[in-house]
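# Observations on the model geometry
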Amino acid sequence: MTTSSATTTAAVPTSALTATESELRSQPETWRRALEVLPEVSGRLPRPGERVLVVGCGTSWFMAMAYAALREAAGHGVTDAVTATEVSPAREYDRIVALSRSGTTTEITALLRATSTPSVLITAVGEGPAAAEASSEIVLDFADETSVVQTRFATTALVLLRASLGEDLSAAIADAEQVLSSEPADELVTAEQVTFLGTGWTKGLADEAALKMREATQSWTEAYYAMEYRHGPIAIAEPGRVVHVFGGAPDGLQDQVAATGADWVASEADPLAQLVAVHLWAVRRAAHRGMDPDSPRHLTRAVHLEP
């Protein structure tokens, strides 16, 4: 299967929705609300020319990676994205942006407490432990979730950050609405293995897509830079497995994947809308595998470590 969308048009009754699906389907609306909020909070976000560190854990780290790559590509200044426990003391920054859905993530709270660098926390739950250590906070409470598996908070935070760089997100919102009007193809739902690829800022989305599949479906999933895929990982490609690329693909890669017999999935939609499609795909795959995406194995809504 070589396709630009890998979807069908089958619909699911509203009564059948899990909490995870209900929340992921609200993303076009939460993205619009983020754009409405931006003028009120833009003064708390990095200014052009500042050296910026963006931190998060898990999903939030992958959103940080995407924003950092976009900010540098837009010419706004040096921007590093690091998981909260791996920040180098050898680097100095003008501002720290911390992402934490719960506002309680232990590693984020500890990092903010240990620094004197001006910081802003982007969260769904205000006035939490991490906020007490930050210089300021931006609360996207309309994007909060009951689900363990993050969907709308992460993408809504990234929409806010993309818009702060001057991007027009109207096409991305329209694309998200379009992908939510379809269903993932059966070949995707039943695939033995899935690999996600990205380039530049979309590598963070590829990492996040792989995480969603692991969390919701306990599937074998991997993520790579698209150019790196040919340097070894392509060895696992074979019929019944899927390679999904976010954004544009390197010349010749689609043909190389086709030669392995693996299915190739690409789209002209905004890459963040492609991630929304993966969210729905993960929910359908979980159901196919007899799993409840609202209750992923070994996971909790937030990670709290003992002192």
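Here goes a summary of the coordinates provided. It should be emphasised that the depicted structure is a prediction, and the values quoted were computed from it without experimental measurement. (Residues numbered from 1 in each chain as written. Predicted model: local features only at pLDDT ≥ 70, side-chain atom pairs only at ≥ 80, totals over all residues. Heavy atoms only, no water.)

### Things to note about the pairing of strand S5 (residues 95–100)
This is how it is decided: Partly exposed residues are those whose accessible area sits between 20% and 50% of the maximum for their type, while under 20% is buried and over 50% is exposed, using a 1.4 Å probe and protein chains only. Working definition: helices are DSSP H or I runs of at least four residues, strands are E runs of at least two. Numbering for both runs from the N terminus. Strand pairing follows a simple DSSP-based rule, namely that at least 2 bridges must link the two strands. Viewed with both strands pointing away, a crossover whose connecting path from the first strand over the helix to the second turns clockwise is right-handed.
For S5, a buried count of six out of six residues is recorded, marking the element as mostly surrounded by other parts of the structure. Of the two faces of S5, the one holding Arg95, Val97 and Leu99 and the one holding Ile96, Ala98 and Ser100 are both buried throughout. Both strand S3 (residues 52–56) and S5 contribute to a ladder of four bridges, which runs parallel. Its bridge partner lying in S5, valine 55 is registered against alanine 98. Direction of pairing for S5 relative to strand S6 (residues 119–123): parallel, over a ladder of five bridges. The residue bridging alanine 98 from the neighbouring strand is leucine 121, located in S6. Note on the crossover from S5 through helix H4 (residues 106–114) to S6: the handedness is right-handed.

### A few points about the packing of aromatic side chains
Counted only if it meets this: Only Phe, Tyr and Trp rings are paired, with Trp represented by its six-membered ring, and only when their centres lie within 6.5 Å; those with planes under 30 degrees apart are stacked, over 60 edge-to-face, the remainder tilted. For a Lys NZ or an Arg CZ to count as sitting over a ring, it must be within 6 Å of the ring centre and within 35 degrees of the ring normal.
Tallied over the entire structure, the rule returns four aromatic pairs. Measuring from centroid to centroid gives 6.3 Å for tyrosine 224 and tyrosine 229, while their planes differ by 45 degrees, and the two rings are tilted. Looking at tyrosine 229, the relative accessible area reads 0%, which means it is buried. Ring pairs connect the aromatic residues Phe196, Phe246 and Trp281, which therefore count as one cluster. The ring of tyrosine 225 carries lysine 203 above its face, with NZ or CZ at 5.0 Å from the centroid.

### Details of the side chain of threonine 217
How we decide: We call two N or O atoms a polar contact when they sit within 3.5 Å, provided that within protein one can donate a hydrogen and the other can accept it, with sequence-adjacent residues counted only if both atoms are side-chain atoms. Whether two residues are in contact is decided by their heavy atoms, any of which lying within 4.5 Å being enough.
In this fold, threonine 217 is placed in helix H9 (residues 202–217). Side-chain polar atoms of threonine 217 contact the backbone oxygen of methionine 213, separated by 2.5 Å. Within polar-contact distance, the side chain of threonine 217 engages the side chain of serine 219 at 2.4 Å. If sequence neighbours within four positions are ignored, threonine 217 has contacts with Lys212, Ala282, Arg285, Ala286, Arg289 and Met291.

### Quick notes on the packing of helix H3 (residues 59–73) against H9
To be explicit about the condition: Axes here refer to lines fitted to C-alpha atoms; in helices the fit is confined to the stretch in contact. Angles between the N-to-C directions go from 0 to 180 degrees. For classification purposes, angles smaller than 35 degrees are called roughly parallel, those larger than 145 roughly antiparallel, those between 65 and 115 roughly perpendicular, and all remaining angles oblique. Left-handed describes a crossing whose near helix is turned anticlockwise from the far helix through less than a right angle; right-handed describes the clockwise counterpart. Under the grouping applied here, Gly and all other residues not named as nonpolar or charged are polar, the nonpolar ones being Ala, Val, Leu, Ile, Met, Phe, Trp, Tyr, Cys and Pro and the charged ones Asp, Glu, Lys and Arg.
In the contact formed by H3 and H9, the axes pass within 7 Å of each other and the chain directions differ by 160 degrees. When the axes of H3 and H9 are compared, the pair comes out roughly antiparallel. By crossing handedness, the relation of H3 to H9 is classed as left-handed. For the pair H3 and H9, contact is made by Thr59, Phe62, Met63, Met65 and Ala66 and by Lys203, Gly204, Leu205, Asp207, Glu208, Leu211 and Lys212, respectively. A breakdown of the residues in the contact of H3 with H9 according to their chemical character gives six nonpolar, two polar and four charged.

### Quick look at the environment of alanine 174
Among the structural elements, alanine 174 can be located in helix H7 (residues 170–179). Looking at alanine 174, the relative accessible area reads 39%, which means it is partly exposed. In this structure the C-alpha to C-alpha distance between alanine 174 and alanine 273, which are 99 residues apart in sequence, comes to 8.6 Å.

### Overview of the pattern of salt bridges
Applied cut-off: Should a side-chain nitrogen of Lys or Arg be within 4 Å of a carboxyl oxygen of Asp or Glu, the pair is scored as a salt bridge.
All told, the structure shown has 18 salt bridges when counted by the stated rule. Salt-bridge contacts for arginine 113 lead to glutamate 133; the nearest nitrogen and oxygen are separated by 3.4 Å. On the criterion of sequence distance, the pair formed by arginine 113 in helix H4 and glutamate 133 in helix H5 (residues 129–133) is long-range, its members being 20 residues apart. Residue arginine 113 is classed as exposed on the basis of its relative accessible area, which comes to 52%. Within the structure, one salt-bridge network assembled from shared partners comprises Glu21, Arg25, Glu183 and Arg284.

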